Amino acid sequence: MPITDSKVVLYMSMSLDGFIAGPDDKVGRGLGTGGERLHDWVPASGGDPRSRRPADGAGATVFDELMATGAVITGRRTFELAGGWAGDHHDGVPIFVLTRAAPGEPAPGHARYVTDGIASCVAQARAAAGGRDILLHGAATARACLRAGLLDEMELQLIPVLLGQGRRLFEDMPPDHIELEPLRALDGPDALHLRYRVRSEA
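Residues numbered from 1 in each chain as written. Predicted model: local features only at pLDDT ≥ 70, side-chain atom pairs only at ≥ 80, totals over all residues. Heavy atoms only, no water.

(A) The arrangement of unusual backbone geometry in detail. Here the phi dihedral of Ala 86 falls at roughly 55 degrees; this positive angle occurs in a residue that is not glycine. Here Ala 86 is to be found in the loop between α2 (76-81) and β4 (95-98). On the basis of relative accessible area, Ala 86 is assigned to the exposed category, the value being 72%. The backbone of Asp 91 shows a phi angle near 55 degrees, a positive value even though the residue is not glycine. In this fold, Asp 91 is placed in the loop between α2 and β4. (Helix = DSSP H or I, 4+ residues; strand = E, 2+ residues; numbered from the N terminus. Buried < 20%, exposed > 50% of the residue type's maximum accessible area, 1.4 Å probe, protein only.)

(B) Spotlight on the side chain of Gln 157. Mapped onto the fold, Gln 157 is located in strand β7 (residues 153-159). Judged by its relative accessible area of 2%, Gln 157 is buried. Within polar-contact distance, the side chain of Gln 157 engages the side chain of Glu 155 at 3.3 Å. Those residues in contact with Gln 157, other than ones at most four positions away along the chain, are Met 12, Ser 13, Met 14, Trp 41, Val 62, Ala 191, Leu 192 and His 193. (Polar contact = N/O pair within 3.5 Å; in protein donor to acceptor, adjacent residues only side chain to side chain. Contact = heavy atoms within 4.5 Å.)

(C) Representation of the pairing of strand β6 (residues 134-137) in the model. The alternating pattern of β6 places Ile 134 and Leu 136 on one face and Leu 135 and His 137 on the opposite face, and all of these are buried. Sheet topology note: the strand β3 (residues 71-75)/β6 ladder contains 4 bridges and is parallel. Within β6, the position partnered with Ala 71 by the bridge is Ile 134. (Pairing = 2+ DSSP bridges.)

(D) Representation of the nonpolar core within the structure. Ranked by internal contacts, the top residues of the largest apolar core, which has 28 residues, are Leu 10, Ile 73, Ile 118, Leu 136, Cys 145, Leu 151 and Leu 169. Of all the secondary-structure elements, those providing two or more residues to this core are β1 (8-15), β3, β4, α3 (118-128), β6, α4 (139-148) and β7. In terms of residues, this core owes the most to one element, α4, which gives 5 residues. Excluding its chain neighbours within four sequence positions, the residues that come into contact with Leu 151 are Val 8, Val 9, Leu 10, Leu 136, Ala 142, Cys 145, Leu 146 and Val 198. If you look at the next biggest cluster of nonpolar residues, it comprises 20 residues, including Val 42, Val 72, Val 97 and Ala 111. (Core = buried A, V, L, I, M, F, W, Y, C linked by side-chain atoms within 4.5 Å.)

Laid out in structure tokens, this is it:
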């Protein structure tokens, strides 16, 4: 398997109190009650993902980087809540869906199920990304990547709201010390875009 310079980058919108979705998230309401507020920095979709490009410079920079990724890693729950993106997250790049057991039906479009763990999922995505970065979706999958030392960077959209309840990004984390190196802060009208490099320390 060729070695590439692809980085695994978590892209996540998060409230100031650490929630990535409101309560009662489910199919048809993937961001839960009130969770849509977290994505206000991205315009409503017109069908084509590129129609969601923000008008402000900070949001556009982050959006363009996201759309330039060469593969997507996601957990099965996130994949199903998103309706599988109809098999095409963006530009036909491969989607690797981490799951304990694949369902009976094959994954739609450019998606495929990975059942042999996070390390295999990341390795397959790196091989498929063609040297481009890999977009990571999903809280549980992000935590699995962190625990395995496979998450390279985080791009967090910090939204100025307190949701108070819902689904947290960093829930049930191990006691290990994970140090983050600040790389960039972009101040947009609807979000503070924070990028970090992940580096673990004993």
